[in-house]
Amino acid sequence: IWVFYRKELTVTRLSDLAGKRIAVGEGGSGTKLLADTMLSADGVHDGTMGTEYVAQGVHRAIESLKASDIDAAFFVLSADSPVIHEMLLDDRVRLLSFERHHGYSRRYSYLKSVVLERGVVDLEHDLPREPVKLVAPAASLVATTDLHDAFIPLLVEAASETHRAGGLLTNARE
């Protein structure tokens, strides 16, 4: 879960976003659900104390954040995403490091504590420029009841193969 905010702000916890305009993903999205859950746990609620949740997808939220039309934005994207690289390079925004990342992962079993190590996104540009504590949602495979049973082992095998090497935030086979 990536939370980027305007560099002029001091944000060390999600509770610091009270009274701000926050892009929380589009209605019905996993991003919106996670943002609502995490902000609520930190006492931040839409419509209270001047807080405004803004329903925007990734690209619109990026534009709004860069234009200072919103104060912060939640994203659920891979660390390999070009969007993350772009945002880490942009001097107008900062990435929130979740100092209580272990607390979130203990409280919500579907979140895992991870650390984005210095330079792992881009060694040439040293991105990120310091280790960043994050929480990552577990990915789940979901299928309708009309999926034929013969496809299940094939899908599990394909998912296992896809994740066999690991990634910027995960070890092999995670």
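Attention here is on the structure that accompanies the text. For every chain, the first residue of the written sequence is number 1, and numbering continues from 1 onward in sequence order. Local features in a predicted model are, by the rule used here, given only for residues with pLDDT of at least 70; side-chain atom pairs are given and counted only at 80 or more, and totals for whole chains, interfaces and linings are based on all residues. Side-chain metrics rest on all non-hydrogen atoms present in the structure, leaving aside hydrogens and water.

Numbering of helices and strands runs from the N terminus, with a helix taken as a DSSP run of H or I at least four residues long and a strand as a DSSP run of E at least two residues long. Scanning the protein from terminus to terminus reveals 5 helices and 7 strands. Reading the helices (α) and strands (β) of the protein from amino to carboxyl end gives β-β-α-β-α-β-α-β-α-β-β-α. Out of the 174 residues belonging to the protein, those deemed buried represent 37%. Accessible surface computed for the protein: about 10100 Å², of which carbon and sulfur atoms make up 52%. For each residue, the accessible area found with a 1.4 Å probe, counting protein chains only, is set against the maximum for its type, and the residue is called buried under 20%, exposed over 50%, and partly exposed in between. Surface exposure here means Shrake-Rupley accessible area, sampled with a 1.4 Å probe, where a residue is shielded only by the protein chains that are shown.

This brings us to the packing of helix H2 (residues 58-66) against helix H3 (residues 82-89). What counts as an axis is a line fitted to C-alpha atoms, over the stretch in contact for a helix, and the angles between N-to-C directions run from 0 to 180 degrees. With their axes 12 Å apart at the nearest point, H2 and H3 run at an angle of 5° to one another. By the angle class used here, H2 and H3 are roughly parallel. Where H2 approaches H3, its residues Val58, His59, Ile62, Leu65 and Lys66 are matched on the opposing element by Val83, Glu86 and Met87. Polar here means any residue other than Ala, Val, Leu, Ile, Met, Phe, Trp, Tyr, Cys and Pro, which are nonpolar, and Asp, Glu, Lys and Arg, which are charged; Gly is therefore polar. The residue inventory of the contact of H2 with H3, partitioned by class, reads 5 nonpolar, 1 polar and 2 charged. Note on angle classes: values under 35 degrees are labelled roughly parallel, values over 145 roughly antiparallel, values of 65 to 115 roughly perpendicular, and the remainder oblique. For this analysis, residues touch if any pair of their heavy atoms sits within 4.5 Å.

Attention now moves to the environment of Ser64. For Ser64, the location among the structural elements is in helix H2. Given the relative accessible area of 1%, Ser64 is considered buried. The spacing of Ser64 and Ala23 is 41 residues in sequence and 8.7 Å in space, taken between C-alpha atoms. When neighbours within four sequence positions are excluded, Ser64 is seen to be in contact with Gln56, Asp69 and Ile70.

To continue, consider the nonpolar core. Within the largest apolar cluster, 47 residues are counted, with the highest numbers of intra-cluster contacts made by Trp2, Phe4, Leu14, Leu17, Ile22, Leu39 and Phe74. Not counting chain neighbours up to four residues away, the residues in contact with Ile22 comprise Leu17, Leu39, Val44, Thr51, Glu52, Tyr53, Val54, Ala72 and Phe74. As used in this record, nonpolar core signifies buried Ala, Val, Leu, Ile, Met, Phe, Trp, Tyr and Cys residues forming a set joined through side-chain atoms within 4.5 Å.

Now for the pattern of salt bridges. By definition here, a salt bridge exists when the distance from a side-chain nitrogen of Lys or Arg to a carboxyl oxygen of Asp or Glu is within 4 Å. Applying the stated rule across the entire model yields 11 salt bridges. Among the salt bridges present, the one from Glu8 reaches Arg6, with a minimum N-O distance of 2.8 Å. Its relative accessible area of 51% is what places Glu8 among the exposed residues. Each member of the salt-bridge network shares a partner with another, and the members are Lys66, Glu86, Asp90 and Arg92.

Right, let's talk about unusual backbone geometry for a bit. Of note, the amide linkage connecting Leu127 to Pro128 takes the cis form, showing an omega dihedral of -10°. Position of Pro128 among the secondary structure elements: in the loop between strand S6 (111-116) and strand S7 (132-137). Of note in the backbone geometry, Met49 takes a positive phi value of approximately 55° without being a glycine. Positionally, Met49 belongs in the loop between helix H1 (30-41) and strand S3 (52-54). Taking relative accessible area as the criterion, Met49 reaches 69% and is therefore assigned exposed.

By convention, a stacked pair of Phe, Tyr or Trp rings (six-membered ring in the case of Trp) has centres within 6.5 Å and planes under 30 degrees apart, an edge-to-face pair has planes over 60 apart, and any other such pair is tilted. One pass over the full model with this rule turns up 3 aromatic pairs. Aromatic side chains Phe98 and Tyr104 sit 5.7 Å apart centroid to centroid with 85° between the ring planes, which places their arrangement in the edge-to-face category. No difference in accessibility class separates Phe98 from Tyr104, as the two residues are buried.

A few words now on the side chain of Ser113. By the element assignment, Ser113 lies in strand S6. Of the residues examined, Ser113 reaches a relative accessible area of 18% and is grouped as buried. From its side chain, Ser113 meets the backbone oxygen of His101 in a polar contact 3.0 Å long. Polar side-chain contacts of Ser113 include one of 3.4 Å to the side chain of His102. When residues no more than four places from it in sequence are discounted, the contact partners of Ser113 are His101, His102, Ser105 and Leu134. N or O atoms closer than or at 3.5 Å make up a polar contact, with two conditions inside protein: a donor-capable atom paired with an acceptor-capable one, and, for residues adjacent in sequence, both atoms drawn from side chains.

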